Every structure is written in structure tokens, then in C-alpha cells.
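Spelled out from the first residue to the last, the chains are:
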Amino acid sequence: MTRPTRQREERERRQWQGQEQDESEEADGDDELDLDDIDEEDLVRTADGELMHEPTGLIVEEERIDPGPEWRAFNHSERQEKSRVGAPTTQTMHDKGLTTTIDWKDKDAYGRSISSKKRSQMHRLRKWQERIRTKDAGERNLQFALSEIDRMASAIGVPRSVREVASVIYRRALKEDLIRGRSIEGVATSALYAACRKEGIPRSLEEISDVSRVERKEIGRTYRYISQELGLEMKPVDPKKYVPRFSSELDLSEEVQSKANEIIETTAEQGLLSGKSPTGYAAAAIYAASLLCNEKKTQREVADVAQVTEVTIRNRYQEQIEAMGIHS
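Remember, it's a predicted structure, so these values are computed and weren't measured experimentally.

Participant: Please give an account of the overall build of the chain that cites residues and values.
Facilitator: Across its full length, the chain carries 13 helices and three strands. Burial statistics for the chain: of 328 residues in total, 31% are counted as buried. Surface summary for the chain: the accessible area is close to 22,000 Å², and the carbon and sulfur share equals 46%.

The structure is reproduced here in C-alpha cells:
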């Protein structure tokens, strides 16, 4: 009695499994999609990074590589604490900031002061570490020049992007052997002036020479040589870029700035700007605008801010008011 019953159960179980397998094969056949026929609008990216076909739920792309960190952070301080990398590389340092630096603080990892013996040892280590950072005369040249660029850039108040560009220009000049026969300070100052022009930061040769250790004449001569040899494409400086800074130093209103820009645009269209100094041209436009807007400034005050002579302002002023059809 027991044996027939077991045989019948086994036969029914096999039939049931066969039906399930057939149904699963039919379902798999229905889910097959041609990837070329899938509409991109139906594809969605899940939180796990998988690409899913939304109408059918088919996973089109999986195992996406996550290039981000394995940790999570919700604010800047947490990111700084969990980050395991240093500062990004920079062109403003001769070694691009990749070498290590021994801290100047004479303290251990817990913030406690170290002994006098350890202090003298750390002093020697700092000295030798500074010596071995530069392996030859070329690197010492580059280190001094980049420090000069950083010093002058800080003095004239230009952004970090200008310092980076100036460092790249000096590196190119050093690679092309354009430094030979010229002073390091002169080439570094010329590179900074070229970077200011390239980045659209208005700084005159007079302003650059004030913070440099070389004369204006040498800076201009070296700048022309470097820009020609390196093929630096320099656009003419727009005098309107000087207007906001000069007007701010003279405590002039927005109305005067607007009028000065109008004078520059109108007279430049008539060809008066050709061959003229942009700083003197902007200073004359500001002087004329201050008179027209009843915020009079003397020629001496404007000349001191723009670092030009009063004669330059008078000459440009006369040309501009005649071109504008204004009677003085």
C-alpha cells in the first residue's frame, strides 16, 4: 500500500517541476529585449548605479565603478578629516608642492613641547631638508624666481590664477633658455606682467615696477622679448578695465564710471585710442566724466592714482572732449 502511493507522489512532483520550468522559460522569452530598440527615455539610473529599463525592470548596465571615496562626509570639516590626500599640485612652487615639509612648530603629535635635544635635531633636519629640495642650479633659479613672482603678486593684489599663469610662463622661458644674459628678477617680473594681461587683470607697467627690483625700462624690454619668443598672443588692454579701480580709489560714484566708459567707447570708435597708453586714456576719461557729473577731481589727484603725468591727462582730455563735441 505504501509503495504505489510514493510512486504516485514522485510522478506528480516531477510533473509539477516540469510545468514550472516551462513557465519560467516562457517568461524569460517574453522578457528578452533588443538593446537597440530600447528608448533612452525609458532608462533610469538607480541609487546603486545600475541602468534599468523602467517599463520591464530589466537591468541594462550593472557593476558600475564608483570613483568616489568609500567614506561619507556631510560637511567640510568631516571631508578634511577623512581625506587621505594632500593639497593639489601647483606651478607656483619649483617642485609643484610634491615634497614634504617639516613643520616649524617644536611640538610632538600630541601638541606637547619637545626637549631641547630634539629641538636641535629638528633644526638640523629642517636645514638639510631645505638644502636637498633643490638638486641643481636650475632648480635654485626656479625656486628664487617663483618666490619673487609670489611676492610681487601679493603686493599688487592679483588672484592666484595669475600667479599660476606667471609661473607657467617663467617655466617655459627657462626651458627655452631665454633667461641667459638676463636677470632672474627681470624675467620673473615680465612673466607676471604678461600673466596679468593674459588673464585680463589690469595692472600697468608702473604698478608692476613699483613692487619689482628692476627698472620699468628693463621690464618692458624683457616682456617684449619673451612674448615674441614664446608666441604669447596678447590683446590690447581695454582702458575700461581700469575705470572701476581708479574710480574706487578716487571715491567717485557709479554715474561717473558709467560716463567714463561712455567717453572711452565713443572716442575709441573714432580711432583716438590707437597708439595711446590705456592707463592715461582711462584717467583722462575719468577726469572728464568727473567734471560732467559735478564730482570734480583735480588732474593731480587723477594722475597720482593712475600713475601718469598731468600733461598726459590734459592731452588725452582735450582730444576726448573734442571728439565728443563737448566745449570745455
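Participant: Talk me through helix α6 (residues 184-198); I want residue IDs and the actual numbers.
Facilitator: In a regular helix each residue adds 1.5 Å, so 15 residues correspond to 21 Å; α6 covers 21 Å between its end C-alpha atoms and thus fits that length. Extensive coverage of α6 is indicated by the burial of eleven of its 15 residues. Taken together, the buried positions of α6 are occupied by Gly186, Val187, Ala188, Thr189, Ser190, Ala191, Leu192, Tyr193, Ala194, Ala195 and Cys196. The inward-facing, buried residues of α6 contact α4 (137-156), α5 (160-175), α7 (205-211) and α8 (216-230). Once α6 ends, the next one or two residues include Gly200, with phi positive near 75°.

Participant: Requested: an account of the side chain of Ser209, with residues and values cited.
Facilitator: Counting through the fold element by element, Ser209 comes out in helix α7. Judged by relative accessible area, which is 16%, Ser209 ranks as buried. Among the polar contacts made by the side chain of Ser209, one reaches the main-chain carbonyl oxygen of Glu206 at a distance of 2.9 Å. Each residue touching Ser209, except ones within four places of it in the same chain, is listed here: Val214, Arg216 and Ile219.

Participant: Break down helix α10 (residues 254-269) for me, citing the residues and quoting the values.
Facilitator: Spanning 16 residues, α10 covers 23 Å between terminal C-alpha atoms, matching the ideal 22 Å at 1.5 Å per step. Looking at the buried side of α10, the elements it contacts are α9 (243-249), α11 (278-292) and α13 (310-324). Positive backbone phi, at 85°, marks Gly271, one or two positions downstream of α10.

Participant: Report on the packing of α5 against α6, specifying residues and quantitative values.
Facilitator: Running from N to C, α5 and α6 point in directions that differ by 130°, and their axes come no closer than 8 Å. Taken together, the axes of α5 and α6 lie oblique to each other. Like other packed secondary-structure pairs, α5 and α6 cross with a definite hand, here right-handed. Contact residues: α5 offers Val162, Val165, Ala166, Ile169, Tyr170 and Ala173, while α6 offers Ile184, Val187, Ala188, Ala191, Leu192, Ala194, Ala195, Cys196 and Lys198. Residue classes in the contact of α5 with α6 are distributed as 14 nonpolar, no polar and one charged.

Participant: Could you give an account of the nonpolar core, with specific residues and numbers?
Facilitator: Across soluble globular proteins, you tend to see nonpolar side chains buried next to one another. Judged by nonpolar contacts, the single largest core of 33 residues is most densely connected at Ile149, Ile156, Ile169, Tyr170, Leu192, Cys196 and Leu230. The element best represented in this core is α6, accounting for eight residues. Other than its neighbours up to four places away in sequence, Ile156 contacts Leu192, Cys196, Arg203, Glu207, Ile208 and Val211. Ranked by size, the runner-up nonpolar core spans 27 residues in total, among them Ala260, Ala284, Val308 and Ile313.

Participant: I'd like a rundown of the packing of aromatic side chains, residues and numbers included.
Facilitator: Overall, the coordinates contain three aromatic pairs when judged by the stated rule. With centroids separated by 5.6 Å and ring planes inclined at 25°, the aromatic side chains of Tyr242 and Phe246 adopt a geometry described as stacked. The exposure class of Tyr242 is buried, given its relative accessible area of 3%. Across the ring face of Tyr225, the terminal group of Arg182 is positioned such that the distance to the ring centre comes to 3.7 Å.

Participant: Residue-level account of the sheet that holds strand β1 (residues 43-45), with values.
Facilitator: Across the sheet, three strands lie side by side as β1-β2-β3; this open sheet has antiparallel pairing. Taken across any chain shown, the strands that pair with only one partner, and hence form the sheet edges, are β1 and β3 (58-61). On average, each strand axis in the sheet is inclined to that of its neighbour by 35°, with strand direction left out of account. Bridging between β1 and strand β2 (residues 51-53) involves three bridges; their strand directions are antiparallel.

Participant: Quick one: what's the story with the packing of helix α12 (residues 299-306) against α13, residue by residue and with numbers?
Facilitator: Contact geometry of α12 with α13 gives a least axis separation of 9 Å together with a crossing angle of 110°. As the angle between them shows, α12 and α13 are arranged roughly perpendicular. Judged by residue contacts, Gln299, Arg300, Val302 and Ala303 of α12 engage Glu310, Ile313 and Arg314 from α13. Here the contact of α12 with α13 is composed, by residue class, of three nonpolar, one polar and three charged.

Participant: Can you tell me about the pattern of salt bridges, naming the residues and giving the values?
Facilitator: Within the structure shown, the criterion is met by 13 salt bridges. One salt bridge in this structure joins Arg112 and Asp108, with 3.3 Å as the shortest N-O distance. Residue Arg112 is classed as exposed on the basis of its relative accessible area, which comes to 51%. Given the relative accessible area of 29%, Asp108 is considered partly exposed. Taking the shortest distance from any N to any O, the salt bridge between Arg300 and Glu310 comes out at 2.7 Å. Of this pair, Arg300 sits in helix α12 while Glu310 is found in helix α13, placing the two residues ten residues apart along the sequence. Each of Glu148, Arg151 and Arg213 takes part in a single network of salt bridges with overlapping partners.

Cut-off values and rules
Residues numbered from 1 in each chain as written. Predicted model: local features only at pLDDT ≥ 70, side-chain atom pairs only at ≥ 80, totals over all residues. Heavy atoms only, no water. Helix = DSSP H or I, 4+ residues; strand = E, 2+ residues; numbered from the N terminus. Buried < 20%, exposed > 50% of the residue type's maximum accessible area, 1.4 Å probe, protein only. Areas by Shrake-Rupley, 256 points an atom, 1.4 Å probe, with all protein chains shown as cover. Expected span 1.5 Å × (residues − 1). Contact = heavy atoms within 4.5 Å. Polar contact = N/O pair within 3.5 Å; in protein donor to acceptor, adjacent residues only side chain to side chain. Axes fitted to C-alpha atoms, helices over the stretch in contact; angles between N-to-C directions. Parallel < 35°, antiparallel > 145°, perpendicular 65-115°, else oblique. Left-handed = near helix turned anticlockwise from the far one by under 90°. Nonpolar A, V, L, I, M, F, W, Y, C, P; charged D, E, K, R; others polar. Core = buried A, V, L, I, M, F, W, Y, C linked by side-chain atoms within 4.5 Å. Phe/Tyr/Trp six-rings, centres within 6.5 Å; stacked < 30°, edge-to-face > 60°. Lys NZ or Arg CZ within 6 Å of the ring centre and 35° of its normal. Pairing = 2+ DSSP bridges. Salt bridge = Lys/Arg side-chain N within 4 Å of Asp/Glu carboxyl O.

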